[in-house]
Amino acid sequence: MTTTAQPTGPLRHFLQFRDFTRDEIDYVLGRARLIKDRFKRYEPHHTLHDRTLAMVFEKASTRTRVSFEAGMYQMGGSVINLTAGDSQLGRSEPIEDTARVVSRMVDLVMIRTFEQTRLERFASHSRVPVINGLTNEYHPCQILADIFTFLEHRGPIQGRTVAWVGDANNMAYTWLQAAEMLDFTVHVSCPAGYTLDADRIQGIDARHLKVFDRPEDACRGAHLVTTDVWTSMGYEDENEARRKAFADWCVDAKMMALADKEALFMHCLPAHRGEEVTADVIDGAQSVVWDEAENRLHVQKALMEFLVLGRQG
Ligand code: CP
């Protein structure tokens, strides 16, 4: 029997973190726990048997590609990978037409692209759920994995403090969405000229966001210190200017020493040791970056299952 029909429930997408309710995020995190435990016991979990995921990459990836592709195969499904270079997207086929066609042939789509509006245009013309695999504005799958990783190591993130050191990028804004939903605080410190956009943080209260000029002050008392590359994909022209502006926003042992004594360090990777983080921090005892990367696999399996099949069990 073919399985390319639409899901039986209402069509859902995961284009940004707040597309889900708190209850749904809690469900996905709990389901990821079960799926990970089964994976570690080598128990099959073929809930997406015969289903097909299309992945569209308009930017480079290692973790996102491997985790979605491996995850779909591990759940009994199959995967088609498209890039701008090897599809008609690279020859100016409208994203809306691509969405109409691809979503008639598969059960689920994951896209990594540039503007969030481009992802939204795809989703609004798709017959099947669409997942944000990173846009300029948000990276919700990564934050899902990061929160799962925190939960594994330190318990619930509610009431805790996350220090964001560096660029006000897609990760920073997704952390803020998660903070509002799950009720924790994000301390943000960015260099002058690269700070959070006032329009995008309007309405976020002080319980969920505190802004600091100095990265050391953002790290003080934090339960998690996290950062990202100084130059995200798509902003390479700014590389030299950013190197100068971000020089003091390198997470080092002194910053970690100001954080809570049990603080974790996370980085979504890829990392540039000696730029946004020192080698002794990312390779040190407080770093959980490899768990964080692995957990992309487990949370995204739970996410895909939820979007295609709804709640299980
Ligand atoms: N963190 C992350 O999204 O990694 P990739 O760019 O390798 O997919």
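Quick summary incoming for the structure in this document. What you see is a predicted model, and the numbers here were worked out from it, not measured in a lab.

A look at the packing of helix α1 (residues 22-40) against helix α5 (residues 140-154)
The axes of two packed helices give the description: the angle between them and the distance between them.
Right, so step 1: Orientation of α1 relative to α5, taken along the N-to-C sense of each, is 65°, at an axis distance of 11 Å. Classified by the angle their axes make, α1 and α5 are roughly perpendicular. The chirality of how α1 crosses α5 is right-handed. On the side of α1, the interface is formed by Ile25, Val28, Leu29, Ala32, Arg33 and Lys36, while α5 contributes Leu144, Ile147, Phe148 and Glu152.

Structural notes on the nonpolar core
Note on soluble globular proteins: their nonpolar side chains tend to be buried together.
Right, so step 1: Grouped together as the largest cluster of nonpolar side chains are 61 residues, with contacts concentrated most on Phe17 and Trp175.
Right, so step 2: Excluding its chain neighbours within four sequence positions, the residues that come into contact with Trp175 are Ile143, Asp146, Ile147, Ile157, Val162, Trp164, Phe184, Val186, Leu224 and Thr226.
Right, so step 3: Counting residues in hydrophobic clusters, the runner-up holds 23 residues, among them Phe246, Val251, Ile282 and Ala293.

Observations regarding helix α12 (residues 289-309)
Right, so step 1: In this model, α12 (21 residues) spans 30 Å end to end at C-alpha, consistent with the 30 Å of a helix rising 1.5 Å per residue.
Right, so step 2: The largest bend in α12 comes to about 30°, at Asn295.
Right, so step 3: The buried fraction of α12 is high, at 17 of 21 residues.
Right, so step 4: Downstream of α12 by one or two residues, Gly310 has phi in the positive range, about 80°.

Digging into the site of the ligand
Right, so step 1: Surveying the vicinity of the ligand reveals the residues Ser61, Thr62, Arg63, Thr64, Arg112, His139, Gln142, Cys268, Leu269 and Arg296.
Right, so step 2: One of the side-chain nitrogen or oxygen atoms of Ser61 is found 2.7 Å away from an oxygen atom of the ligand.
Right, so step 3: Measuring from an oxygen atom of the ligand, one finds a side-chain N or O atom of His139 at 2.8 Å.
Right, so step 4: Here the ligand loses 95% of its free accessible area of 250 Å² to cover by the protein chains.
Right, so step 5: Grouping the constituent residues of the shell around the ligand by class yields two nonpolar, five polar and three charged.

Observations regarding the sheet that holds strand β4 (residues 130-132)
Right, so step 1: Strand order in the open sheet formed by four strands is β2-β1-β3-β4, with parallel pairing between adjacent strands. Because the sheet does not close on itself, it has two edges, and the strands there are β2 (78-83) and β4. Across the sheet, the axes of successive neighbouring strands diverge by a mean angle of 20°, strand direction being ignored.
Right, so step 2: One ladder, built from three bridges, connects strand β3 (residues 108-112) with β4; its direction is parallel. Across the sheet, residue Met110 finds its bridge partner in β4, namely Ile131.

Here's the deal with α1
Right, so step 1: Taking 1.5 Å of rise per residue, the 19 residues of α1 would be expected to cover 27 Å, and the 27 Å separating its terminal C-alpha atoms lies within 8% of that figure.
Right, so step 2: Three or more residues of α1 are buried, namely Glu24, Ile25, Tyr27, Val28, Leu29, Arg31, Ala32, Ile35 and Lys36.
Right, so step 3: Residues of α1 that are buried sit in contact with α5, α6 (170-182) and α12.
Right, so step 4: In the stretch just after α1, Tyr42 is the one whose phi turns positive, near 60°.

A closer look at the pattern of salt bridges
Side chains that carry opposite charge are capable of pairing whenever their charged atoms lie near each other.
Right, so step 1: A full pass over the atoms with the stated rule returns 25 salt bridges.
Right, so step 2: Ionic pairing is found between Arg41 and Glu43, a salt bridge with its closest N-O pair at 2.7 Å.
Right, so step 3: Glu96 is the salt-bridge partner of Arg121, the closest N and O atoms lying 2.7 Å from each other. In this pair, Arg121 sits in helix α4 (residues 116-124) while Glu96 sits in helix α3 (residues 95-102), placing the two residues 25 residues apart along the sequence.
Right, so step 4: Ionic contacts of the salt-bridge type, sharing partners, join the residues Arg33, Lys36, Asp37, Lys40, Glu152 and Glu294 into one network.

Side note on the pairing of strand β5 (residues 161-165)
Right, so step 1: For β5, the buried fraction is high: five of the five residues fall into the buried class.
Right, so step 2: Here β5 shows two buried faces, one formed by Thr161, Ala163 and Val165 and the other by Val162 and Trp164.
Right, so step 3: By the bridge criterion, five bridges tie β5 to strand β6 (residues 185-189) in an arrangement that is parallel. Looking at the pairing, Thr161 lines up with Thr185 of β6.
Right, so step 4: With four bridges connecting them, β5 and strand β8 (residues 224-227) associate as parallel partners. Each bridged residue has a counterpart across the sheet, and for Val165 the counterpart in β8 is Thr227.

A word on the packing of α5 against α12
Right, so step 1: Direction vectors running N to C along α5 and α12 enclose 110°, while the axes themselves pass 8 Å from each other. Put simply, α5 runs roughly perpendicular to α12. For the element pair α5 and α12, the recorded crossing hand is right-handed. Here Cys141, Gln142, Leu144, Ala145, Asp146, Phe148, Thr149, Glu152 and His153 of α5 come into contact with α12, specifically with Asp291, Glu292, Asn295, Arg296, Val299, Gln300 and Leu303.
Right, so step 2: Its residues assigned to classes, the contact of α5 with α12 comprises six nonpolar, five polar and five charged.

What counts and what doesn't
Residues numbered from 1 in each chain as written. Predicted model: local features only at pLDDT ≥ 70, side-chain atom pairs only at ≥ 80, totals over all residues. Heavy atoms only, no water. Axes fitted to C-alpha atoms, helices over the stretch in contact; angles between N-to-C directions. Helix = DSSP H or I, 4+ residues; strand = E, 2+ residues; numbered from the N terminus. Parallel < 35°, antiparallel > 145°, perpendicular 65-115°, else oblique. Left-handed = near helix turned anticlockwise from the far one by under 90°. Contact = heavy atoms within 4.5 Å. Core = buried A, V, L, I, M, F, W, Y, C linked by side-chain atoms within 4.5 Å. Buried < 20%, exposed > 50% of the residue type's maximum accessible area, 1.4 Å probe, protein only. Expected span 1.5 Å × (residues − 1). Bend = angle between axes of the 7 residues up to and from the residue. Near = heavy atom within 4 Å. Polar contact = N/O pair within 3.5 Å; in protein donor to acceptor, adjacent residues only side chain to side chain. Areas by Shrake-Rupley, 256 points an atom, 1.4 Å probe, with all protein chains shown as cover. Nonpolar A, V, L, I, M, F, W, Y, C, P; charged D, E, K, R; others polar. Pairing = 2+ DSSP bridges. Salt bridge = Lys/Arg side-chain N within 4 Å of Asp/Glu carboxyl O.

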